[in-house]
Amino acid sequence: MFRKDSNSGKASQQQSEQLSAGAKKDHGACEQDELVPLVRIADVHFSRGERKIFSGLNIDIPRGKITAIMGPSGTGKTTLLKLIGGQLRPDQGTVEVDGLDVHQLNTKELYRLRMRMGMLFQSGALLTDLNVFENVAFPLREHTRLNEALLRKLVLLKLEAVGLRGARNLMPAELSGGMARRVALARAIALDPMMIMYDEPFAGQDPISMGVLVKLIRQLNDAAGLTSIVVSHDVEETSAIADLLYVISDGRVVESGDPGSLRESGTEWTRQFMHGLPDGPVPFHYPALPLQADLFGEQA
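Right, let's walk through the structure included here. The model shown is predicted, which means the values in this text are computed figures rather than measured ones. (Residues numbered from 1 in each chain as written. Predicted model: local features only at pLDDT ≥ 70, side-chain atom pairs only at ≥ 80, totals over all residues. Heavy atoms only, no water.)

**A short note on a nonpolar patch on the surface**
Nonpolar side chains collect at one region of the surface, where Leu291, Leu295 and Phe296 lie side by side and expose about 410 Å² of accessible area between them. Positionally, Phe296 belongs in helix 11 (residues 291-296). Since its relative accessible area comes to 70%, Phe296 is described here as exposed. (Patch = residues over 30% accessible without salt bridge, like charges linked within 9 Å, V, L, I, M, F, W, Y side chains within 5 Å. Areas by Shrake-Rupley, 256 points an atom, 1.4 Å probe, with all protein chains shown as cover. Salt bridge = Lys/Arg side-chain N within 4 Å of Asp/Glu carboxyl O. Helix = DSSP H or I, 4+ residues; strand = E, 2+ residues; numbered from the N terminus. Buried < 20%, exposed > 50% of the residue type's maximum accessible area, 1.4 Å probe, protein only.)

**Re the packing of helix 4 (residues 132-143) against helix 5 (residues 148-161)**
Helices that pack against each other are described as a pair by the angle of their axes relative to one another and the distance between those axes. At a closest axis distance of 10 Å, the pairing of helix 4 and helix 5 adopts a crossing angle of 120 degrees. As far as their axial angle goes, helix 5 and helix 4 are oblique. For the pair helix 4 and helix 5, the crossing hand works out as right-handed. Between helix 4, through Val132, Phe133, Val136, Ala137, Leu140 and Arg141, and helix 5, the contact on the second element is made entirely by Glu148, Leu151, Arg152, Leu154, Val155, Leu156, Lys158 and Leu159. Taken together, the residues of the contact of helix 4 with helix 5 break down into 10 nonpolar, no polar and 4 charged. (Axes fitted to C-alpha atoms, helices over the stretch in contact; angles between N-to-C directions. Parallel < 35°, antiparallel > 145°, perpendicular 65-115°, else oblique. Left-handed = near helix turned anticlockwise from the far one by under 90°. Contact = heavy atoms within 4.5 Å. Nonpolar A, V, L, I, M, F, W, Y, C, P; charged D, E, K, R; others polar.)

**Regarding the environment of Asp101**
If you trace the backbone, Asp101 turns up in strand 5 (residues 100-101). Under the relative-accessibility criterion, Asp101 is labelled partly exposed at 22%. Separated by 15 residues in sequence, Asp101 and Gly86 place their C-alpha atoms 9.8 Å apart. Dropping the residues within four chain positions of it, Asp101 is found in contact with Thr94, Val95 and Glu96.

**A few points about helix 7 (residues 207-224)**
Along its 18 residues, helix 7 runs 26 Å from first to last C-alpha, staying within 8% of the 26 Å computed at 1.5 Å per residue. The complete set of buried residues in helix 7 reads Ser209, Met210, Leu213, Val214, Leu216, Ile217, Leu220 and Asn221. End-on, the buried residues of helix 7 take up no more than an arc of 165 degrees, which puts them together on one face. Every exposed residue of helix 7 that faces more than 90 degrees away from the buried side is listed here: Pro207, Ile208, Lys215 and Ala223. Against the buried residues of helix 7 lie strand 3 (66-70), helix 5, helix 6 (177-188), strand 7 (195-199), strand 8 (227-232) and helix 8 (235-241). Residue Gly225 follows helix 7 closely and has a positive phi angle near 65 degrees. (Expected span 1.5 Å × (residues − 1). Arc of directions from axis to C-beta.)

None of this, on its own, says anything about what the molecule does.
Here's what the structure looks like:
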């Protein structure tokens, strides 16, 4: 009968072991990639004229998570997004995105990196002369060479994801504030980015629109495996979807952690912000002379 070839059997066993080792190596590499932050902000200093915005800011944005950057108005949250996108350059420190030092890239490299980033602007920033369909199609027309049939399908899928496929022929002026924000979100995901930055996504929204946006941000992040950075001072809505919160003030991170731990924080500043207390480290009164001196003393 047939005789088993021992050399062939050994070769087959070795090949199997190599494939197994390779699979383990690939799995280990994937796990290692997940542990490396997608965005790393290290010792960043930034000023506008005499005003210091950041003084040694350190933030790590993990992959595949929703990270919220929170703090009072005027603390530089939107400025931080511009630093990540390369629109602004820090005075000191580094901003890395997916292992790339953003501010060491040339123009071509920076544009290539930005194609992998989606941005939801605070105002929505829709192009007012284009209808909903063409607003979402704009980045696809600008950066790809898709034929019209495929482009149409992709645009409709993106609009379907935000619940507005039926509004594709409307102009921006015909949209409510919440609808405009959702169209802007569809445009932000048009190129299937690795991450999306949200600049005050809940500002000026009614409760229903706000609820829809909260749901969409969470669903899109999980379904598409995105990394999301949400800049906001809306504590309730942001805490409901964030995996990680950074609270910043005076140019630095005051505290970071999951929403539950920050709500129970013993830090007075964090407690005042998370619970909306009217007085605390951020005082109710703007610095001034004592009232009595101001009322009865000499006029300044």
